[in-house]
Amino acid sequence: MEKTFGALDIGSSKVCAMIVGRTDAGELLVLGTGQRASDGVKRGYITDMQATELAVREAVEQAERIAGLNIDHVHVSCTSGGLTSTIARVEIDLGGGRIDEDDVDHLLAAGRETIQPGGRMVLHAQPALYTLDGATGVKKPIGLHAERLGVDIHVVFADGAPVRNIDQTVAAAYLGVSGIVAAPIAAGTACLGEEERELGVALIEMGAAVTNISLYAGGMLVGLFTIPFGGADITDAIASAFGLRRAEAERIKCFHGAATSSPRDNHDMIDLRLPEEDSKLVGAGGRAPDDKHSISRAQLVSVIRQPLDYLIGEITKGLKELGFTGAQGQRIVLTGGCAELRGLADHMQVALGRTVRIGRPSGLAGLPDAHAGPAFSTLAGLALFAADEPVDIRSIVSSYQQVHRHSGAAVLQRLWRALVGNF
């Protein structure tokens, strides 16, 4: 392996880790994965640092055992902190000269000065597309000539305290943080194609407790909207309706749940008892469900639809607020654990009146089947983001040094101090 990368997704329902290696041929190969239940995270916020640290350690150790190597740094996801996105634009005058790397660094250094965080933390500040004399969509300006060179800088802000909690939790697990990545950016890296980003698409990441809507257009992320509602709320609705524990409700939702109904659902019965209860109730011959411990699939779908329709209503409001309307707002990609609900894409396509597909991670070789679904899009995207090593304007050191001019008296004082110090 030429280089290895670590990814860590701290979610509200699970903490998962991935180790990826880049081969000499440039291929990204999954070397190991790990997963543990998340007990210390609520709505994307770390509420129990000790429990989250333990889950982080166990998930990373599992990935290290499978990979046969240790990692000391990871890229970590961030879903909390009130993520917001904006585009900063800046231009410099070149006078028709040929653009070199120093010109681009000067432009990005000027762009860094235009960012006004307003007391919030800058999570990302990445150059997206360049402009040459007003012509947009330039990806590599070096070597071209222009009177004016501009750039669109994609900036993501977050509240500082939740991000610092993530950093401190990972550090307590004896891991360094190479970068904290907004979950919508990571999921978009794994699930969206370049053409989709160019034409315009809304990526809806439906997690356990948080749903993020990220809007892409012109090849870059242009808007974010967060809804504090997710798949765990659907699970809680099932648990409340049928008097079940969360684990039982989650099992029934995953195996029997659906977003759409059919005439047969009235006749398909679902046993509410857990499989381990079977041996206590009947002998080896098996058992038949009874009215007391069973429900019809139609009843289950009816309960699922109530919180799901509420979430779709909130998504509709979010898309409208982001301006995802008209001919440009016709494509939606669903990802996240809740996106695995059977029939969800068809139901949302009817409800939203747009083309909807399920987004799954791509671009990684050797991805296990258990981690190849939409629930692990953010994890895969973190690894891809780390391997891509995108430019962040905050890390660019400007080659333009500030010149300080001293008065005659100041120069004489400096000479006198030098003489005194040396003799």
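Please refer to the structure placed before this passage.
Please read all numbers here as calculations on a predicted model, not as lab measurements.

Participant: Residue-level account of the sheet that holds strand β12 (residues 201-206), with values.
Facilitator: Backbone hydrogen bonds hold the strands of a sheet together, and the pairing may be parallel or antiparallel. Ordered by their spatial adjacency, 5 strands build an open sheet running β14-β13-β12-β17-β18, and the pairing between neighbours is mixed. Every other strand in the sheet has two partners, leaving β14 (220-227) and β18 (355-358) as the edge strands with one partner each. Here the strands of the sheet are splayed against their neighbours by 20 degrees on average, with no regard to which way each runs. Of the strand pairs in this sheet, β12 and strand β17 (residues 331-335) are connected by 4 bridges, and their pairing is parallel. Paired with Ala202 across the strands is Ile332, a residue of β17. Most of the contacts of helix α10 (residues 344-352) go to β18, to which it runs at about 160 degrees, and overall it touches β12, β17 and β18.

Participant: Would you mind going over the nonpolar core in detail, with residue names and values included?
Facilitator: Among the nonpolar cores identified, the biggest contains 60 residues, and Leu8, Ile10, Met18, Val56, Leu83, Leu123 and Leu364 are the most heavily contacted of them. Ranked by residues supplied to this core, first place goes to helix α11 (residues 377-388) with 8 residues. Contact partners of Leu83, with chain neighbours within four places excluded, come to Cys78, Arg120, Leu123, Val156, Phe157, Ala158, Ala182, Pro184, Leu224 and Thr226.

Participant: Could you give an account of the pattern of salt bridges, with specific residues and numbers?
Facilitator: Taken as a whole and assessed by the stated rule, the structure comprises 19 salt bridges. When the shortest N-O distance is used, the salt bridge between Arg22 and Glu2 registers 3.3 Å. Residue Arg22 is located in strand β2 (residues 14-22), and its partner Glu2 is located in the segment before β1 (3-10); the two are separated by 20 residues in the primary sequence. The salt bridge partner of Asp309 is Arg305, with a shortest N-O separation of 3.7 Å. Here Asp309 pairs with Arg305, and both are found in helix α9 (residues 297-321), just 4 residues apart, close to one helical turn.

Participant: Lay out the packing of α9 against α10 with the relevant residues and their values.
Facilitator: As a packed pair, α9 and α10 sit with axes 11 Å apart at the nearest point and diverge in direction by 50 degrees. When the interaxial angle is binned, α9 and α10 end up oblique. The hand of the α9/α10 crossing is right-handed. For the pair formed by α9 and α10, the contact residues are Arg305, Leu308, Asp309, Ile312, Ile315 and Thr316 on the first element and Leu344, His347, Met348, Ala351 and Leu352 on the second. Per-class residue counts for the contact of α9 with α10 are 7 nonpolar, 2 polar and 2 charged.

Scoring rules and cut-offs
- One numbering rule holds for all chains: residues counted from 1, following each sequence as written.
- In view of the model being predicted, local features appear only for residues whose pLDDT reaches at least 70, and side-chain atom pairs are presented and counted only at 80 or more, with totals across whole chains, interfaces and linings using the full set of residues.
- Hydrogens and waters are ignored; side-chain quantities use all the structure's heavy atoms.
- Note: two strands are recorded as paired if DSSP finds a minimum of 2 bridges between them.
- By definition, any uninterrupted DSSP run of H or I lasting at least four residues is a helix, any uninterrupted run of E lasting at least two residues is a strand, and each is numbered from the N terminus.
- Under this scheme, a helix contributes an axis fitted over its contacting stretch, all axes are lines through C-alpha atoms, and angles between N-to-C directions fall in the 0 to 180 degree range.
- Residue contacts are counted whenever heavy atoms from the two residues lie within 4.5 Å of one another.
- The term nonpolar core refers to a set of buried residues drawn from Ala, Val, Leu, Ile, Met, Phe, Trp, Tyr and Cys, joined through side-chain atoms within 4.5 Å.
- Type-normalised accessible area, obtained with a 1.4 Å probe on protein chains alone, sets the label of each residue: buried when under 20%, exposed when over 50%, and partly exposed for intermediate values.
- Salt bridge, as used here, is a side-chain nitrogen of Lys or Arg placed within 4 Å of a carboxyl oxygen of Asp or Glu.
- Reported orientations rely on four angle classes, namely roughly parallel under 35 degrees, roughly antiparallel over 145, roughly perpendicular from 65 to 115, and oblique for the rest.
- Here is the rule for handedness: rotate from the far helix to the near one, and if that takes an anticlockwise turn smaller than a right angle the crossing is left-handed, while a clockwise turn gives right-handed.
- Each residue is assigned to one class: nonpolar for Ala, Val, Leu, Ile, Met, Phe, Trp, Tyr, Cys and Pro, charged for Asp, Glu, Lys and Arg, and polar for all the others, Gly among them.

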